[in-house]
Amino acid sequence: MSDCLFCKIIAGDIPSSKVYEDDLCFAFNDIAPQAPKHFLVIPKAHIGSVSEVNSENSAVVAHIFEVIAKIAAEQGMDSYRVVSNIGEQAGQSVFHLHFHVLSGRDMTWPPG
Ligand code: AMP
């Protein structure tokens with residue numbers, strides 16, 4: 001999608017701090033980290049949010065969770081949080097599906 005920030009990051013038009021990449025997904029450090037480790041994992045194909053996941057595109061979501069587990073193991077992360085905000089009220093500011101992976105500090109529940 002031409003006006004999507006994360007599509008531009010995938011294309012390399014906007015720089016990012018890459019953590020992982022394969023044919024289906026891309027992971028990079030969040031520009032405003034909310035924990036000592038905070039990276040985002042996104043599908044390369046544009047999907048607006050979890051609310052647009054369906055039987056046609058859901059395989060990439062399973063793949064992303066495999067990738068999250070692999071990165072976490074490689075980085076020695078034994079406790080972490082995975083978050084996806086859907087819609088403005090929930091805090092979504094970039095409308096390309098992404099999973100926040102946060103680790104390295106105590107976290108509260110419920111979230112604010
Ligand atoms: P959300 O608010 O859940 O949609 O998450 C969007 C995330 O993207 C926020 O945590 C931002 O800090 C992050 N973000 C925005 N622009 C960039 C960028 N250029 N590089 C890395 N992360 C970004």
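To keep things clear, this report deals only with the structure shown in the data block.

Analysis parameters
- Counting restarts for each chain, with residues numbered from 1 along the sequence as it is written.
- Local features in a predicted model are, by the rule used here, given only for residues with pLDDT of at least 70; side-chain atom pairs are given and counted only at 80 or more, and totals for whole chains, interfaces and linings are based on all residues.
- Side-chain numbers here rest on the full set of heavy atoms in the structure, without hydrogens or water.
- Neighbouring residues are identified by heavy atoms, a residue being near a molecule or strand if any of them is within 4 Å of it.
- Pairs of N or O atoms are called polar contacts if they sit within 3.5 Å, as long as, within protein, a hydrogen donor faces a hydrogen acceptor (for residues adjacent in sequence, only side-chain-to-side-chain pairs).
- In this description, accessible areas are obtained by the Shrake-Rupley approach with a 1.4 Å probe, and a residue is regarded as covered only by the protein chains that are shown.
- Working definition: helices are DSSP H or I runs of at least four residues, strands are E runs of at least two. Numbering for both runs from the N terminus.
- Charged residues are taken to be Asp, Glu, Lys and Arg, nonpolar residues to be Ala, Val, Leu, Ile, Met, Phe, Trp, Tyr, Cys and Pro, and polar residues to be all remaining types, Gly included.
- Only protein chains enter the calculation, and the probe is 1.4 Å; a residue is then buried if its accessible area is under 20% of its type maximum, exposed if over 50%, and partly exposed in between.
- In this description, a disulfide is simply a cysteine sulfur pair whose atoms lie within 2.5 Å.
- Think of it this way: a Phe, Tyr or Trp ring, Trp meaning its six-membered ring, pairs with another when their centres are within 6.5 Å, and the plane angle makes it stacked under 30 degrees, edge-to-face over 60, tilted otherwise.

**What about the site of the ligand?**
With respect to spatial proximity, 16 residues lie near the ligand, and among them Asp30, Asn85, Gly91, Ser93 and His100 are the closest. Take Ile31: an N or O atom from its main chain is 3.1 Å from a nitrogen atom of the ligand. At 2.7 Å from an oxygen atom of the ligand is found a main-chain nitrogen or oxygen belonging to Ser93. Relative to its free-state accessible area of 500 Å², the ligand is covered by the protein chains to the extent of 84%. Among the elements of the structure, helix H1 (5-11) and strand E2 (25-29) are those that each provide at least two residues to the shell around the ligand. Its residues placed into classes, the shell around the ligand shows eight nonpolar, seven polar and one charged.

**Focus on the environment of Tyr80**
Secondary-structure assignment places Tyr80 in strand E4 (residues 80-83). On the accessibility criterion, Tyr80 (34% relative accessible area) is partly exposed.

**Digging into the state of the cysteines**
Scanning all chains against the criterion turns up zero disulfides. Considering cysteine sulfurs only, Cys4 is the nearest to Cys7, which forms no disulfide, with 3.7 Å between them.

**Considering the packing of aromatic side chains**
Enumeration according to the criterion identifies three aromatic pairs in this entry. Measuring from ring centre to ring centre gives 5.8 Å for Phe26 and Phe28, while their planes differ by 40°; the resulting arrangement is tilted. On the basis of relative accessibility, which here comes to 5%, the residue Phe26 falls in the buried class. Among the aromatic residues, those joined into a ring-pair cluster are Phe6, Phe26 and Phe28.

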